[in-house]
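Coordinate analysis (summary)
Below, each chain spelled out in residue letters.
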Amino acid sequence: MVFLLYALTSENMNILHILNGDSTAQGFNETGLEGDVMVWREVLSEGPLEENITSGSFWKNRSEWISQGFNDQPRDYQQMVLDELVKLDGPYDEINLWFEFDLHCQVNMLGVMTYLKQKTDLSLPAVYLICPADYPGKENFRGMGELNGEELEYLYDNIRLQLNLMDFFLSEEAWLTYVSHDQEKLRAFLNNTSFWGSLHHLKPALAAQLKRLPLNEKGLNYIEQKLLDIYNYGYKTWPEILSVFWEQEKIYGMGDMEVDIYLQRLIRKNLVVLGN
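Residues numbered from 1 in each chain as written. Predicted model: local features only at pLDDT ≥ 70, side-chain atom pairs only at ≥ 80, totals over all residues. Heavy atoms only, no water.

1. Brief notes about the environment of leucine 129
As for its position among the elements, leucine 129 is in strand β4 (residues 126-130). The exposure class assigned to leucine 129 is buried, which follows from its relative accessible area of 3%. Each C-alpha atom of the pair leucine 129 and phenylalanine 99 lies 7.5 Å from the other, and the pair is 30 residues apart in sequence. Setting aside residues no more than four positions away along its own chain, leucine 129 makes contact with Leu97, Met109, Ile159, Arg160, Leu161, Leu163, Ser198 and Leu199. (Helix = DSSP H or I, 4+ residues; strand = E, 2+ residues; numbered from the N terminus. Buried < 20%, exposed > 50% of the residue type's maximum accessible area, 1.4 Å probe, protein only. Contact = heavy atoms within 4.5 Å.)

2. Observations concerning the nonpolar core
Formed by 67 residues in total, the largest nonpolar core has its most connected members in Ile18, Trp40, Trp59, Leu88, Leu97, Trp175 and Leu227. In terms of residue count, the dominant contributor to this core is helix α5 (residues 103-119) (9 residues). Non-local contacts of tryptophan 175, meaning those with residues more than four positions away in its chain, are made with Leu44, Leu49, Glu50, Glu51, Ile53, Phe58, Val107, Leu110, Gly111 and Thr114. Ranked by size, the runner-up nonpolar core spans 14 residues in total, among them Leu33, Trp98, Ile130 and Tyr156. (Core = buried A, V, L, I, M, F, W, Y, C linked by side-chain atoms within 4.5 Å.)

3. What to know about the environment of alanine 208
Within the secondary structure, alanine 208 sits in helix α9 (residues 202-212). Remark: the alpha-carbon pair of alanine 208 and tyrosine 235, spanning 27 residues in sequence, is separated by 24 Å. Aside from chain neighbours lying at most four places away, what touches alanine 208 is Ile251 and Tyr252.

4. Concerning the pattern of salt bridges
If you walk through the whole model with that rule in mind, you get 11 salt bridges. The salt bridge involving lysine 87 is made with glutamate 84; its shortest N-O contact spans 3.0 Å. Its relative accessible area of 13% is what places glutamate 84 among the buried residues. Two residues, lysine 226 and glutamate 249, come together in a salt bridge whose shortest N-O distance is 3.8 Å. Highlighted residues: lysine 226 in helix α10 (residues 222-232) and glutamate 249 in the loop between α11 (238-248) and α12 (256-268), separated in sequence by 23 residues. (Salt bridge = Lys/Arg side-chain N within 4 Å of Asp/Glu carboxyl O.)

5. A word on a nonpolar patch on the surface
Nonpolar side chains collect at one region of the surface, where Leu165, Met166, Phe169 and Phe195 lie side by side and expose about 410 Å² of accessible area between them. Within the element layout of this structure, phenylalanine 195 appears in the loop between α8 (183-192) and α9. (Patch = residues over 30% accessible without salt bridge, like charges linked within 9 Å, V, L, I, M, F, W, Y side chains within 5 Å. Areas by Shrake-Rupley, 256 points an atom, 1.4 Å probe, with all protein chains shown as cover.)

6. Details of the pairing of strand β1 (residues 15-19)
Most of β1 sits inside the fold, with 5 of its 5 residues counted as buried. The side-chain alternation of β1 yields two buried faces, one formed by Ile15, His17 and Leu19 and the other by Leu16 and Ile18. Judged from the 5 bridges that link them, β1 and strand β3 (residues 94-98) form a sheet pairing that is parallel. Paired with isoleucine 18 across the bridge in β3 is leucine 97. The pairing of β1 with strand β2 (residues 36-39) spans 4 bridges and is parallel. The partner of isoleucine 18 across the bridge, within β2, is methionine 38. Taking the sense of rotation as the criterion, the β-α-β connection linking β1, helix α2 (residues 22-28) and β2 turns out right-handed. (Pairing = 2+ DSSP bridges. Right-handed = clockwise from strand over helix to strand, strands pointing away.)

Following this line, the structure appears as structure tokens:
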């Protein structure tokens, strides 16, 4: 009788799964997990940010930057990002956040958590985090986008953690620190924070952010210098450079277009000439 009551309650719950990208969505469609799906297609680890993620100016600036930097149209941003964002205002009893360990995903996770905290009193919904850094049997795990439905269900059943108010307070403080782009403020946050709650992968991701903030004597940040080193080592084509960078700097979680932002800066400085 108790089990039947639980099952009926679960079936009547409004559940939302927020996925970290379209690659994960493909595998998620093979699962038997109940609920609506929202695909998070933003790249909050790059471009302009401000503290209030629920403001119109925040999303206007993001739309303009994405449209210019990635050669997209504003209508595409509206359809792919803003129309999805509306789902966060829905009457959900449970929200599951599917984000990975790298900086790209962790900043997006902070953005989602801060949005939820700024928009609601967090009495509802219950929010859970599925955040893998590896997967059993996969030596070179690159992310949930390479998992099938059964493997994603394994993560759901084995590593899902319910977030509490302390996790949300921590995420908001981390968000405010991140968007400041102040390396001393970020260093102090990392040094002075001893409680990381359920956000187990946030500290190393923010440490990676701290590495890329300062500029060296050439005026290059850590990622630009790393790409230049790879190029000077003998990798002269875009696919080669991308492959080596991903292998050595997995913590940044950058996709093709993100890496290209930094490569284009090196090209404009006449430091790199890519081969075919």
